[in-house]
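Single-letter residue listing:
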Amino acid sequence: MEDTFGHHISYLRLSITDRCNERCRYCMPEEEQAWFAREEVLSYEEMLRLVRVGARLGIRKLRVTGGEPLTRPGVIEFCQELAAVPGIESLGISTNGTLLAAEREGETMAQGLVRAGVSGLNVSLDSLQREIYQRSTQRDLLPRVLAGLDAAVAAGCASIRLNCVLMKGQSEAELLPLIRFAGERGFLLRFIELMPVSTRDVLTEENFLATGTARALIEVETGPLIPQPDFKTNGPALYYRVPGTEQRIGFIGAMTNLHFCESCNKLRLTCDGKLRPCLGSYLEFDLRDALRAGADDAELERLVLGVVARKPKEHDFRDNYQPNRRMIAIGG
Ligand code: SAM
Ligand code: SF4
């Protein structure tokens with residue numbers, strides 16, 4: 001599938017729940033959360049049907065996200081079915097990591113996911129200091145995340161990445177410890193610029209720390225980072241090598257990298273069945289109604305292609321964008 005700007009669409013992010021067991025202050029600040037009612041959220045069968053349609057149209061990579069996807073019952077079995085969809089070549093999960101070491105039927109969730117065919121785990125980790133972690137996520141769960149990472153390694157997960165959202169006044173002291181931690185364990189660490197996607201206004205001058213500033217702070221300790229223009233993962237991260245080591249680190253600068261959207265290959269399916277061509281645009285198209293009204297596969301394919309045709313050239317984040325939906329409902 002190709003849109004009008006030459007983006008080649010092969011990647012679907014699938015939010016399977018809007019619920020979460022943490023309350024990161026940049027995502028879901030502590031407040032009364034209005035969750036979707038159960039019947040508003042797509043069933044696994046409905047999601048699988050849409051994934052099969054997508055795969056026929058050229059979707060090759062899937063990432064399951066949320067909310068916290070590991071809080072939805074049956075996620076391991078669901079992943080097993082996703083991995084078996086013809087055409088799907090890779091399946092990843094974005095998680096806060098708090099449940100990876102939890103036991104389910106005699107195995108850790110990490111083992112279950114790897115067995116189900118999940119090859120990549122993206123784990124959010126903003127700090128290695130318990131107090132800072134707690135302040136950032138509003139939950140004292142750092143020990144569980146660290147145990148979760150150990151469980152992911154023990155389960156033989158092929159690729160483990162760490163994501164740290166940059167917050168001014170907090171992240172500066174975390175940069176080097178996180179780099180060391182990731183380097184020692186062979187995890188690929190990425191620093192993410194704050195985006196305007198939460199229920200509350202967190203993207204303020206006070207909170208925003210640009211990837212360029214973070215890089216400069218790191219370089220004070222490490223010396224100039226070495227650009228790795230040929231190293232690409234699925235997303236828009238720019239990678240650098242830490243001098244004197246083989247370790248690469250990434251920077252995801254949605255706000256300051258003006259080329260951010262050029263190689264975008266993504267669609268997003270929200271847990272209530274809206275297909276979004278871009279995280280940073282208001283456009284979304286309801287597939288749930290069509291699905292539940294009995295649309296056949298040809299009709300669903302037509303709808304998906306219509307969404308691809310409406311994919312914007314770039315996101316609207318720099319245009320005083322106000323979120324119309326929480327990130328957890330879209331699936332980051
Ligand atoms: N709960 C899982 C997790 O935390 O990884 C998956 C969902 S979370 C919404 C996906 C990613 O979005 C995480 O890496 C998180 O750090 C990031 N994220 C959430 N709010 C953000 C914001 N305002 N700006 C930038 N990234 C954000
Ligand atoms: Fe939950 Fe992930 Fe959002 Fe944090 S970033 S509140 S863990 S969905």
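Please refer to the structure placed before this passage.
Each chain has its residues counted from 1, following the order in which its sequence is written. Chains and ligands are labelled by the order in which they are written, letters from A for the one and numbers from 1 for the other. Note on the predicted model: pLDDT of at least 70 is required for a residue's local features to be given, and 80 or more for side-chain atom pairs to be given and counted; whole-chain, interface and lining totals, by contrast, use all residues. Working from all heavy atoms in the structure, the side-chain values ignore hydrogens and water.

S.K.: Even after reading the chapter, I still don't get helix H9 (residues 297-309), so can you show me in this structure?
M.R.: Owing to its 3.6 residues per turn, the α-helix aligns residues three or four sequence positions apart on the same side. Elements are defined by DSSP. Helices are runs of H or I of four residues or more, strands are runs of E of two residues or more, and each kind is numbered from the N terminus. To estimate the expected span of a helix, count its residues, drop one, and scale the result by 1.5 Å. Compared with the 18 Å implied by 1.5 Å per residue over 13 residues, the 18 Å span of H9 between its first and last C-alpha is a close match. Burial status follows relative accessibility: with a 1.4 Å probe on protein chains alone, a residue under 20% of its type maximum counts as buried, one over 50% as exposed, and anything between as partly exposed. Turning to H9, its buried residues number three or more, namely Leu300, Val304, Val307 and Val308. On an axial view of H9, the arc spanned by its buried residues comes to 100 degrees, and they lie on one face. Pointing more than 90 degrees away from the buried face of H9 are the exposed residues Ala298 and Arg302. Contact definition: two residues touch when any of their heavy atoms are within 4.5 Å. The inward-facing, buried residues of H9 abut helix H1 (44-57), strand E12 (266-269), strand E13 (274-276), strand E14 (285-286) and helix H8 (288-292). Directions pointing from the helix axis toward each C-beta atom define the arc.

S.K.: What should I look at first to understand the packing of H1 against helix H2 (residues 75-83) in this one?
M.R.: In this analysis an axis means a line fitted to C-alpha atoms, helices contributing only their contacting stretch, and an angle means the value between N-to-C directions, from 0 to 180 degrees. The geometry of H1 relative to H2 is characterised by a closest axis approach of 11 Å and an angle of 20 degrees between their N-to-C directions. Regarding the angle of H1 to H2, the classification is roughly parallel. In this structure, H1 meets H2 at a crossing whose hand is right-handed. Packed against H1, whose contacting residues are Tyr44, Met47, Leu48 and Val51, the element H2 presents Val75, Phe78, Glu81 and Leu82 at the interface. The residue classification treats Ala, Val, Leu, Ile, Met, Phe, Trp, Tyr, Cys and Pro as nonpolar and Asp, Glu, Lys and Arg as charged. All others, Gly included, are polar. Residue classes in the contact of H1 with H2 are distributed as seven nonpolar, no polar and one charged. Relative orientations are named as follows: roughly parallel for angles under 35 degrees, roughly antiparallel for angles over 145 degrees, roughly perpendicular for angles from 65 to 115 degrees, and oblique for any other angle. A clockwise turn of the near helix away from the far one marks a right-handed crossing, whereas an anticlockwise turn of less than a right angle marks a left-handed crossing.

S.K.: I'm lost on the sheet that holds strand E3 (residues 90-95) in this one. Help?
M.R.: Working definition: the strands of a sheet are paired by backbone hydrogen bonds and lie parallel or antiparallel to each other. The rule for pairing is simple: two strands pair if DSSP sees at least two bridges between them. Spatially, E9-E10-E11-E8-E7-E6-E3-E2-E1-E12-E13-E14 is the arrangement adopted by the twelve strands of the open sheet, whose pairing is mixed. Here the strands that pair on one side only, and so sit at the sheet edges, are strand E9 (226-227) and E14. Of the pairings in the sheet, the one linking strand E1 (residues 11-15) to strand E2 (residues 61-65) comprises five bridges and is parallel in character. Following the sheet pairing, Leu14 is matched in E2 by Val64. Running over the sheet, helix H7 (residues 211-222) touches strand E8 (188-192), strand E10 (238-241) and strand E11 (248-252) and is turned about 150 degrees from E11.

S.K.: Please explain helix H4 (residues 130-137) as it appears in this structure.
M.R.: Of all the positions in H4, only Ile132, Tyr133, Ser136 and Thr137 are classed as buried. Relative to the axis of H4, the buried residues are bounded by an arc of 115 degrees and lie together on one face. Buried residues in H4 make contact with helix H5 (142-154).

S.K.: Sorry, what's going on with the site of ligand 1 here?
M.R.: One heavy atom within 4 Å of a molecule or strand makes the whole residue count as near it. Within the structure, ligand 1 sits among 19 residues, and Tyr26, Gly67, Ser124, Val165 and Met195 are positioned closest to it. Between ligand 1 and Tyr26, the relevant distance is 2.8 Å, taken from a nitrogen atom to a main-chain nitrogen or oxygen of the residue. The side chain of Ser124 places a nitrogen or oxygen atom 2.7 Å from an oxygen atom of ligand 1. Residue assignment for the shell around ligand 1 shows that the elements contributing at least two residues are E3 and strand E7 (159-165). Tallied by class, residues from the shell around ligand 1 come to eight nonpolar, nine polar and two charged. Here a polar contact is recorded for every N or O atom pair within 3.5 Å, except that within protein the pair must consist of a potential hydrogen donor and a potential acceptor, and residues adjacent in sequence are included only if both atoms are side-chain atoms.

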